[in-house]
Amino acid sequence: MRQRKLWMFFVVLLLAVPLCSQAQPNLAELKKEAMHAVDARQVFTQQMVDQIFSYAELGFQEFETSRFVTDILEKNGFKVERGVAGVPTAWVATYGSGKPVIAFITDIDCIPRASQKPGVAYHDPIIEGAPGHGEGHNSGQAVNVTAALVLREMMEKHRIAGTLKVFPGVAEELLGTKAFYVRAELFKDVDIVLGSHVNDSLGTGYGQTFSPQGLVSVQYYFHGRAAHAAGAPWDGRSALDAVELMDVGWNFRREHLRLAQRSHYVIINGGDQPNVVPSEAGVWYYFRELDYPHIKDLYELGNTMAQAATMMTGTTVSRRIVGSAWPGNFSKFVAEVQQKNIEVVGMPQWSEADQTLAKALQKEIGAKVDGLKVKVDELKAPSPETEAGGSDDVGDISWNVPMVYLRYPANIPNTPGHSWVDAVAMATPIAHKGSTAGAKVQALTALDFLLSPDLVKQAWDYFHTVQTKDMKYTPLIGPDDQPAIEFNKEKMDKFRPEMKKYYYDPAKYKTYLEQLGIQYPTVRK
Ligand SMILES: [Zn+2]
């Protein structure tokens, strides 16, 4: 009897040994370790923020940014596939193997004419008229890559199974790529997508908002017949007439459209000179609505208007979809997991200099002067009111994989967006600290899902039974549509040689502010 007990004891011991050697620290300890590791990389995060700020590249032309970020990922053990989905500046960087697969995504493009010296609370461009990070997309990869590198180290050290993927949001300002990513099945094996976007607060959200966030962005090209505008106008057919009649028709019809729609256009080609009947003219429309069926209806109405304009003018029309976006539909389940981490991480400690810059900028533009936010956002249900709202093509991803979109506090509140104003903070301690906070939340949320396959399963159950129960994803792009990869090339070619002189050199300068010789903060006396 005693011998048998002893034998049993050895069996138990043998079974226990391999279990012990694989034992991981618990989740709380791992999260603490991740927070410290992100803090230890503050200089790395700051340099990424500053570097990409100095590249300031418009959508589809993010070549320097793409090279810079993929080099970092490759040097840190990620396998990088470049030029995915037919987009030269896009990539997928992968580390690890097996399930779960956690993907990070964030935008990299900037805004036309938003060049601005960081840390200066009034309009003072680095280069007049040049593009600039007047949306703050320069900070996103710093957030996601910092988190990904910390996770990679921890996965290796603690033998945590799973795969990390890092994506860029190329040409987000053109709503130019995510539908193509989805079409190329880049998210086919992905379990959870953790997106991040610059903001003035730390928070997340879920569900569909009641604002016109989905759209088709389409260019109509009218083709007529050239003629001498005085000598033989009867021989000409004006493509510009067709553009104008389409616009007039649309503006009359606008009265009888749903309140929820938003539509706007710019004439991209109005002909060459008045004495030549324009044989070519073009107009670019955004058709925004609340959901897929209404977006599709609005877009089809636009096509009808274009067709009608050709009948009035004896011209023909062709068209090209150059962007599209489904409205966002983020996962409540994943957001609730993320919210707990947001509350653990909390807001950055702003210095007096940070608050001085924020308040001086708010005063400069005539906005409410209340400085930087000091409290994280609560998790709220989407507003039932129809509100103003822009679009973001990550919407397409959110209908295909459980996804959340973290807002991290790297910018100043009460700014107008898409302008030099929104570039002011983006290579200062405000952006650096906000990005570190964002990286922590990303790392902690990834750990939640990496260590608990059950959470992944629940996120997918919620995705199927609630989130996408009533509507399934159908792309707004057609099978023959191609990404508009030639867009912005001329604009970038014009400014790049001058901009190169201002690229950040971290070997010589601690920060970009130091390189530019800017006193932080610089405010009006
Ligand atoms: Zn954006």
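One can find the structure itself at the top, above this paragraph.
Residues numbered from 1 in each chain as written. Predicted model: local features only at pLDDT ≥ 70, side-chain atom pairs only at ≥ 80, totals over all residues. Heavy atoms only, no water.

**Some words on the overall build of the protein chain**
Right, on to step 1. Scanning the protein chain from N- to C-terminus turns up 15 helices and 10 strands.
Right, on to step 2. Taking 525 residues into account, the globule formula puts the C-alpha radius of gyration at 24 Å, and the protein chain, at 26 Å, falls close to it.
Right, on to step 3. The dimensions of the protein chain, computed from C-alpha atoms along their principal axes, are 115 × 60 × 40 Å.
Right, on to step 4. Split into buried and exposed, the 525 residues of the protein chain put 56% on the buried side.
Right, on to step 5. Within the protein chain, one finds 54 positive and 60 negative side-chain charges whose respective centroids are separated by 6 Å. (Helix = DSSP H or I, 4+ residues; strand = E, 2+ residues; numbered from the N terminus. Rg over C-alpha atoms; globule rule 2.2 N^0.38 Å. Buried < 20%, exposed > 50% of the residue type's maximum accessible area, 1.4 Å probe, protein only. Lys, Arg positive; Asp, Glu negative; His and termini not counted. Charge placed at Lys NZ, Arg CZ, Asp CG, Glu CD.)

**Let's talk about the environment of A226**
Right, on to step 1. As for its position among the elements, A226 is in the loop between β6 (214–223) and α7 (239–253).
Right, on to step 2. For A226, the residues in contact, after removing those within four places along its chain, are V276, V277 and S279. (Contact = heavy atoms within 4.5 Å.)

**Notes on the packing of helix α3 (residues 42–55) against helix α4 (residues 63–75)**
Right, on to step 1. Close contact between α3 and α4 brings their axes to 9 Å; oriented N to C, the two are set at 160°. The orientation of α3 relative to α4 falls into the category roughly antiparallel. Judged by the sense of rotation from one axis to the other, the crossing of α3 with α4 is right-handed. Together, F44, M48, Q51, I52 and Y55 of α3 and E64, T65, R67, F68, V69 and I72 of α4 make up the contact between the two elements.
Right, on to step 2. The residue inventory of the contact of α3 with α4, partitioned by class, reads 7 nonpolar, 2 polar and 2 charged. (Axes fitted to C-alpha atoms, helices over the stretch in contact; angles between N-to-C directions. Parallel < 35°, antiparallel > 145°, perpendicular 65-115°, else oblique. Left-handed = near helix turned anticlockwise from the far one by under 90°. Nonpolar A, V, L, I, M, F, W, Y, C, P; charged D, E, K, R; others polar.)

**Examining the environment of H133**
Right, on to step 1. Relative to the elements of secondary structure, H133 occurs in the loop between β3 (101–107) and α5 (140–157).
Right, on to step 2. With relative accessibility at 2%, the residue H133 sits in the buried group.
Right, on to step 3. Put simply, H133 and S383 are 250 residues apart on the chain and 29 Å apart in space, counted from C-alpha to C-alpha.
Right, on to step 4. Once residues within four sequence positions are removed from consideration, H133 is found in contact with I52, F53, A56, E57, I108, D109, C110, N138, D422, A423 and M426.

**A few points about the sheet that holds β3**
Right, on to step 1. Strands sit in the order β1-β2-β4-β3-β5-β10 across an open sheet of 6 strands; the sheet is mixed. The open sheet is flanked by β1 (79–82) and β10 (403–409), the only strands paired with a single partner. Strand-to-strand twist in this sheet, taken as the mean axis angle between neighbours without regard to direction, amounts to 20°.
Right, on to step 2. Summarising the sheet, strand β5 (residues 192–199) and β10 pair through 7 bridges and their orientation is parallel. Note on β10: the bridge partner recorded for V193 is M403.
Right, on to step 3. Here α4 sits on the sheet and contacts β1, β2 (91–97) and β4 (162–169); the angle it forms with β1, its principal contact strand, is near 155°.
Right, on to step 4. Strand contacts of α5: β2, β3, β4, β5 and β10, with the helix running at about 165° to β4, the strand carrying the most contacts. (Pairing = 2+ DSSP bridges.)

**Some words on the pattern of salt bridges**
Right, on to step 1. All chains considered together, the criterion is met by 29 salt bridges.
Right, on to step 2. E336 is the partner of K332 in a salt bridge, and the nearest nitrogen-oxygen pair spans 3.9 Å. Here E336 and K332 lie together in helix α9 (residues 332–345), a separation of 4 residues that amounts to about one turn.
Right, on to step 3. For E336, a relative accessible area of 36% corresponds to the partly exposed category.
Right, on to step 4. Note that K368 is salt-bridged to D370, the shortest N-O span being 3.6 Å.
Right, on to step 5. On the accessibility criterion, D370 (39% relative accessible area) is partly exposed.
Right, on to step 6. Residues joined in a network through salt bridges with shared partners are E64, R67, D71, E74 and R82. (Salt bridge = Lys/Arg side-chain N within 4 Å of Asp/Glu carboxyl O.)

**Quick word on the packing of helix α2 (residues 27–40) against helix α12 (residues 429–451)**
How two helices sit against one another is set out by the angle between their axes and by the gap between those axes.
Right, on to step 1. Here α2 crosses α12 at 150°, and the two axes come no closer than 9 Å. As far as their axial angle goes, α12 and α2 are roughly antiparallel. As for how α2 packs across α12, the hand of that crossing is right-handed. Across the interface between the two elements, L27, L30, K31, A34, M35, V38 and D39 from α2 touch T436, A439, K440, A443, L444, L447, D448 and L451 from α12.
Right, on to step 2. Its residues assigned to classes, the contact of α2 with α12 shows 10 nonpolar, 1 polar and 4 charged.

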